[in-house]
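Results of the structural survey
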Amino acid sequence: RPCPLRGWDFIAFLCVVASCKVSLKDFSMLRASLNVVEALARTKRGESQARRARQVKKAIQFAADDLANTATICRKSYVHEAVIEAFEQGRLPGKAKSSNRRPPPARQVLADVIAAQETR
């Protein structure tokens, strides 16, 4: 039987399922960061800093559109900075020139990038 739910009811449910304190913003952050990883993985990393900045901007706009938010807010509040840093430093798997290997799933790449940043 349907019953009304409040935002707090949903957050309480998420906390029980995740076995830790979690919020809807956490899910938005994961979604935006994953969207940026996926967008950048489809891109051959630019040689110049200016080209890479345009690639990052385009990937963030993709994530912002998905969240129905602005690119500025999306980058500042929802995209994990480790993703951008990994792309800038060439540590984010991207599109290879001629590789038959399948890239790792974006969710695994995101987890690896965040874990690597936390161990520094």
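What comes next is a walk through the structure. Keep in mind that this is a model prediction, so the values were computed, not measured. (Residues numbered from 1 in each chain as written. Predicted model: local features only at pLDDT ≥ 70, side-chain atom pairs only at ≥ 80, totals over all residues. Heavy atoms only, no water.)

Some thoughts on the overall build of the protein chain
What counts, and what does not: A run of H or I in DSSP becomes a helix once it reaches four residues, and a run of E becomes a strand once it reaches two; helices and strands are each numbered from the N terminus. The cut-offs for exposure are 20% and 50% of the maximum accessible area for each residue type, with area from a 1.4 Å probe on protein chains only; residues under the lower value are buried, those over the upper are exposed, and the others partly exposed. Positive charges come from Lys and Arg alone, negative charges from Asp and Glu alone, with His and the N- and C-terminal ends not counted. In plain terms, the charge of a residue is placed at NZ if it is Lys, CZ if Arg, CG if Asp and CD if Glu.
For the protein chain, the helix and strand inventory stands at six helices and zero strands. Along the protein chain, from the amino end to the carboxyl end, the secondary structure elements read α-α-α-α-α-α. Reported as C-alpha extents along the three principal axes, the dimensions of the protein chain are approximately 55 × 30 × 30 Å. Counting all 120 residues of the protein chain, 27% fall into the buried class. The averaged location of the 11 negative side-chain charges in the protein chain is 5 Å from the averaged location of its 22 positive side-chain charges.

As for the pattern of salt bridges
A side chain with one charge can pair with a side chain of the opposite charge if their charged atoms come near. Keep this limit in mind: Salt-bridge detection follows one rule: a side-chain nitrogen of Lys or Arg within 4 Å of a carboxyl oxygen of Asp or Glu.
Evaluation of the coordinates by the stated rule reveals six salt bridges. Note that R52 and E88 form a salt bridge whose closest N and O atoms lie 3.4 Å from each other. Pair noted here: R52 is in helix α3 (residues 49-67) and E88 is in helix α5 (residues 81-88), with a separation of 36 residues, a long-range link.

Focus on a nonpolar patch on the surface
Heads up, the condition is: Grouping into patches uses exposed residues only, defined as over 30% relative accessible area, and leaves out salt-bridged ones; the cut-off is 9 Å for like charges and 5 Å for nonpolar side chains (Val, Leu, Ile, Met, Phe, Trp, Tyr). For the area figures, the Shrake-Rupley method with a 1.4 Å probe applies, and any residue is considered shielded solely by the protein chains shown.
A contiguous nonpolar patch, built from F10, F13, V17, L24, F27 and L30 and spanning about 590 Å² of accessible area, is present on the exposed surface. Elements supplying a minimum of two residues to the nonpolar patch: α1 (7-18) and α2 (24-41). The topology assignment puts F10 in helix α1. Exposure remark for F10: the relative accessible area of 38% places this residue in the partly exposed category.

Focus: the nonpolar core
Stated formally: Put simply, a nonpolar core is a bunch of buried Ala, Val, Leu, Ile, Met, Phe, Trp, Tyr and Cys residues held in one set by side-chain atoms that sit within 4.5 Å of each other. Any two residues whose heavy atoms approach within 4.5 Å at even a single point are treated as in contact.
Membership of the largest hydrophobic core comes to 24 residues, with the highest contact counts inside it found for V36, I60, C74, V79 and L92. The set of elements that each furnish at least two residues to this core consists of α2, α3, α4 (71-78), α5 and α6 (106-118). Excluding its chain neighbours within four sequence positions, the residues that come into contact with V36 are A59, I60, A63, V79, V83 and I84.

Digging into the packing of α5 against α6
Which entries qualify depends on this criterion: Lines fitted to C-alpha atoms define the axes here, with helix axes fitted over just the stretch in contact, and angles between the N-to-C directions of these axes take values from 0 to 180 degrees. To sort the angles, those under 35 degrees are grouped as roughly parallel, those over 145 as roughly antiparallel, those from 65 to 115 as roughly perpendicular, and the leftovers as oblique. Amino acid classes used here: Ala, Val, Leu, Ile, Met, Phe, Trp, Tyr, Cys and Pro are nonpolar; Asp, Glu, Lys and Arg are charged; the rest, including Gly, are polar.
The geometry of α5 relative to α6 is characterised by a closest axis approach of 9 Å and an angle of 95 degrees between their N-to-C directions. With respect to α6, the element α5 is oriented roughly perpendicular. For the pair α5 and α6, contact is made by A82, V83 and A86 and by L110, V113 and Q117, respectively. Of the residues in the contact of α5 with α6, the class split is five nonpolar, one polar and no charged.

Topic: the packing of aromatic side chains
Note the cut-off: Side-chain rings of Phe, Tyr and Trp, where Trp is taken by its six-membered ring, are said to pair if the distance between their centres is within 6.5 Å; with planes under 30 degrees apart they count as stacked, over 60 as edge-to-face, and otherwise as tilted. A ring is considered to have a charge above it if a Lys NZ or an Arg CZ atom is located within 6 Å of its centre and within 35 degrees of its normal.
In this structure the tally under the stated criterion is one aromatic pair. Directly above the ring of Y78 sits K25, whose terminal nitrogen or CZ lies 5.7 Å from the centroid. Over the ring of F62 we find R42, and its NZ or CZ is 5.6 Å from the ring centre.

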